[in-house]
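Inside the fold
The lines below spell out each chain.
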Amino acid sequence: QVQLVESGGGLVQPGGSLRLSCAASGFTFSRYAMTWYRQAPGKERELVASITRAGGSPHYADSVKGRFTISRDNEKNTVYLQMNSLKPEDTAIYYCNAVRGEGSRLYDYWGQGTQVTVSS
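Below is a summary of the structure that appears in this document. From a predicted model like this one, the values you see are computed outputs, not experimental measurements.

Let's talk about the sheet that holds strand E1 (residues 3-7)
One open sheet accounts for 4 strands, arranged E1-E3-E8-E7; its pairing is antiparallel. Edge strands, defined here as strands with exactly one partner in the open sheet, are E1 and strand E7 (68-73). The sheet shows a mean angle of 15° between the axes of neighbouring strands, taken without regard to direction. Here E1 pairs with strand E3 (residues 18-25) via 5 bridges, running antiparallel. Directly across from Glu6, in E3, lies its bridge partner Cys22.

Here it is in structure tokens:
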């Protein structure tokens, strides 16, 4: 069974840090690019960060550049999102996503999300 399980969310004060983890199982993790999305109430889902299957070419939304870092450990089948200097506008549910294109086929898996709340 394919699973992506996010963890590490919680309540943090502005300026604080959190490290999100997404543990994958049920598929060949190293064949998939990984992304983090977030969705806040009343807002559209936003791509936060992405990383290639080999751990290269990280990309970030402008709103998080310089504050967030995406990484992955293919031996542990886990992708991480280190979030520093958190702001109230970072409050959202954070989702990890695995995606792989193979010819005409697309494989796309999502986790259940983890809540991040930045508030005093």
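Details of unusual backbone geometry
Negative phi values dominate among residues other than glycine, just as trans dominates among peptide bonds. Its identity as a non-glycine residue notwithstanding, Ser57 has a phi of 45°, on the positive side. One can find Ser57 in the loop between strand E5 (46-51) and strand E6 (59-60). With relative accessibility at 47%, the residue Ser57 sits in the partly exposed group. The phi dihedral of Ser85 is positive, around 50°, even though this residue is not glycine. Looking at the secondary structure, you find Ser85 in the loop between strand E8 (78-83) and strand E9 (92-102).

Thoughts on the environment of Asn97
Examined against the element boundaries, Asn97 turns out to sit in strand E9. For Asn97 and Cys22, which are 75 residues apart along the polypeptide, the C-alpha to C-alpha distance reads 9.0 Å. Here Tyr109 takes part through its backbone oxygen, which lies 2.9 Å from a polar atom of the side chain of Asn97.

Considerations on the pattern of salt bridges
For the structure shown, the criterion picks out 5 salt bridges. Here Lys65 makes a salt bridge to Asp62, at a shortest N to O gap of 3.1 Å. Of the residues examined, Asp62 reaches a relative accessible area of 65% and is grouped as exposed. Note that Glu102 is salt-bridged to Arg100, the shortest N-O span being 2.7 Å. Judged by its relative accessible area of 39%, Glu102 is partly exposed. The buried category is assigned to Arg100, whose relative accessible area is 17%.

Considerations on the state of the cysteines
Here is the idea: a disulfide is a covalent bond, and it sits between the sulfur atoms of two cysteines. For the structure shown, the criterion picks out 1 disulfide. Disulfide pairing places Cys22 opposite Cys96 at an S-S distance of 1.8 Å. Taken together, the residues Cys22 in strand E3 and Cys96 in strand E9 connect sequence positions 74 residues apart. Of the two residues examined, Cys22 and Cys96, each falls in the buried class.

The rules behind these values
Residues numbered from 1 in each chain as written. Predicted model: local features only at pLDDT ≥ 70, side-chain atom pairs only at ≥ 80, totals over all residues. Heavy atoms only, no water. Pairing = 2+ DSSP bridges. Helix = DSSP H or I, 4+ residues; strand = E, 2+ residues; numbered from the N terminus. Axes fitted to C-alpha atoms, helices over the stretch in contact; angles between N-to-C directions. Buried < 20%, exposed > 50% of the residue type's maximum accessible area, 1.4 Å probe, protein only. Polar contact = N/O pair within 3.5 Å; in protein donor to acceptor, adjacent residues only side chain to side chain. Salt bridge = Lys/Arg side-chain N within 4 Å of Asp/Glu carboxyl O. Disulfide = S-S within 2.5 Å.

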